[in-house]
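Secondary and tertiary structure notes
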Amino acid sequence: MPVYAVTGASGHLGRFAVQGLLARGVPPSEVAAVVRTAGKAADLAARGVQVREADYSRPQTLGPALDGVDRLLLVSGNEPGQRVIQHANLIGAARMAGVSRIVFTSMLNADRTTSPVAGDYRDSERVLREAGMPFTALRNGLYLERYADHLSEYLKAGEIIGAAGHGRISAASRKDYAAAAAAAVLRDERGNRTYELGGPPVGLPQLAQVISEVTGAKVTYRDLPPGEYARALRRAGLDEATARFVADVDASIARGELETSSADLTNLLGRAATSVAEVMRAAHAG
Ligand SMILES: NC(=O)c1ccc[n+]([C@@H]2O[C@H](COP(=O)([O-])OP(=O)(O)OC[C@H]3O[C@@H](n4cnc5c(N)ncnc54)[C@H](OP(=O)(O)O)[C@@H]3O)[C@@H](O)[C@H]2O)c1
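Basis of the calculations
Residues numbered from 1 in each chain as written. Predicted model: local features only at pLDDT ≥ 70, side-chain atom pairs only at ≥ 80, totals over all residues. Heavy atoms only, no water. Near = heavy atom within 4 Å. Polar contact = N/O pair within 3.5 Å; in protein donor to acceptor, adjacent residues only side chain to side chain. Areas by Shrake-Rupley, 256 points an atom, 1.4 Å probe, with all protein chains shown as cover. Helix = DSSP H or I, 4+ residues; strand = E, 2+ residues; numbered from the N terminus. Nonpolar A, V, L, I, M, F, W, Y, C, P; charged D, E, K, R; others polar. Buried < 20%, exposed > 50% of the residue type's maximum accessible area, 1.4 Å probe, protein only. Contact = heavy atoms within 4.5 Å. Phe/Tyr/Trp six-rings, centres within 6.5 Å; stacked < 30°, edge-to-face > 60°. Expected span 1.5 Å × (residues − 1). Salt bridge = Lys/Arg side-chain N within 4 Å of Asp/Glu carboxyl O.

Below, the discussion takes up the site of the ligand. What surrounds the ligand is a group of 22 residues, the closest being Ser-10, Leu-13, Ser-76, Gly-77 and Arg-174. Separating a nitrogen atom of the ligand from a backbone N or O atom of Tyr-56 is a distance of 2.8 Å. In the model, an oxygen atom of the ligand is placed 2.6 Å from a nitrogen or oxygen of the Ser-76 main chain. Relative to its unbound accessible area of 900 Å², the ligand is 82% covered by the protein chains. Elements supplying a minimum of two residues to the shell around the ligand: helix 1 (12–23) and helix 4 (83–97). Here the residues of the shell around the ligand sort into seven nonpolar, nine polar and six charged.

Put into structure tokens, the structure is as follows:
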């Protein structure tokens, strides 16, 4: 019978978190990978993990997926506007299933960030608090992949453009957030816990400098007003809503909202987070 369940296990973070539990010595038979489509988790099934199908938006699928589960890693959904109700469905199902703790992937500084995405996380944390069951909020900072995935574009253009001003990001790789999530799931905590997670803060000019050092190509950072940045993203092919969203995230960085001095990530990992240079070097090596 599974003891631990991980939702979103067909996605990047969830899959790494399942692997993180196994790496920490949890027997595969004690892990349930909760996914929408079982075929997407065939690799995990091959390792002996129990794959259970469920859809956050179909509450009737959630109870059976959580049957017998003691601790749940709830990886936040990726549909803005739907997330709070989806998370509420999962929290309700977890309560009914007798789950003893929910570990929820939230957003850095969720209680004070004014970024448009923060509302979903703030409201989800409120639902968790109101449910009255013990929870751990993992407030993840930005993924370094937000930048690493665009490395070839930066190299081609010789620049990173953005609207982050003098703001800094406390970002980390998905693998590190997932490893921290696995560690948090295995911790015997009392009451509710909140971890503010992110690597050492870096500004975008510093990020450009690291990329230059790692690749040997000169890359600089050019700061634009948010509206101009959104228009540049539109010209690069992003749709209106996505361009506005990306520019809004940068405005949030500029306000200092995606930075933390917390050592929570290092503490959960038991080591330093993977550095920006290492992540960029790996992306460059392909
Ligand atoms: N901190 C950051 O910078 C940052 C950036 C982006 C996202 N996020 C958040 O972090 C989460 C995990 O990131 P990620 O990179 O692992 O995202 P991802 O690769 O897109 O994975 C999302 C996972 O959620 C599952 N999912 C989505 N809707 C679902 C539903 N209705 N029912 C069941 N499962 C559903 C997906 O299942 P399918 O495989 O079936 O689609 C997938 O397994 C995201 O969902 C988002 O909330 C954070």
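Take Asn-109: it is sitting in the loop between strand 5 (101–107) and helix 5 (118–131). Assessed through its relative accessible area of 6%, Asn-109 is described here as buried. Of the polar contacts made by the side chain of Asn-109, one reaches the backbone oxygen of Glu-259; its length is 3.2 Å. In this view, Asn-109 contacts Arg-139, Glu-196, Glu-257, Leu-258 and Glu-259; residues no more than four positions away in its chain are not counted.

A few words on the packing of aromatic side chains. Under the definition given, this model contains one aromatic pair. Between Tyr-143 and Tyr-177 the ring centres are 5.9 Å apart and the planes differ by 45°, which places this aromatic pair in the tilted class. Linking Tyr-143 in the loop between strand 6 (135–140) and helix 6 (145–148) with Tyr-177 in helix 8 (residues 174–186), this pair joins segments that are 34 residues apart in sequence.

It is worth spelling out helix 4 at this point. Between its terminal C-alpha atoms helix 4 stretches 21 Å, which fits the 21 Å expected from 15 residues at 1.5 Å a residue. By the burial criterion, the buried members of helix 4 are Arg-83, Gln-86, His-87, Asn-89, Leu-90, Ile-91, Ala-93 and Ala-94. The elements touched by buried residues of helix 4 are strand 1 (4–7), helix 3 (62–65), strand 4 (71–74), strand 5 and helix 5. Among the residues trailing helix 4, Gly-98 stands out with phi positive, at a value near 80°.

With respect to the helices and strands, the residue Ser-106 is situated in strand 5. Residues contacting Ser-106, with those up to four places away along its chain left out, are Tyr-121, Glu-125, Leu-138, Arg-139 and Asn-140.

Turning our attention to the pattern of salt bridges. Across all of its chains, the model carries 17 salt bridges by this definition. When the shortest N-O distance is used, the salt bridge between Arg-146 and Asp-250 registers 3.4 Å. Here Arg-146, found in helix 6, pairs with Asp-250, found in helix 11 (residues 240–254); they are 104 residues apart in sequence, far enough to count as distant. Given a relative accessible area of 22%, Arg-146 falls into the partly exposed group. Residue Asp-250 is classed as buried on the basis of its relative accessible area of 2%. Between Glu-159 and Arg-222 there is a salt bridge, with its nearest N and O atoms 2.8 Å apart. In this pair, Glu-159 is assigned in strand 7 (residues 159–162) and Arg-222 in strand 11 (residues 220–223), connecting sequence segments 63 residues apart.

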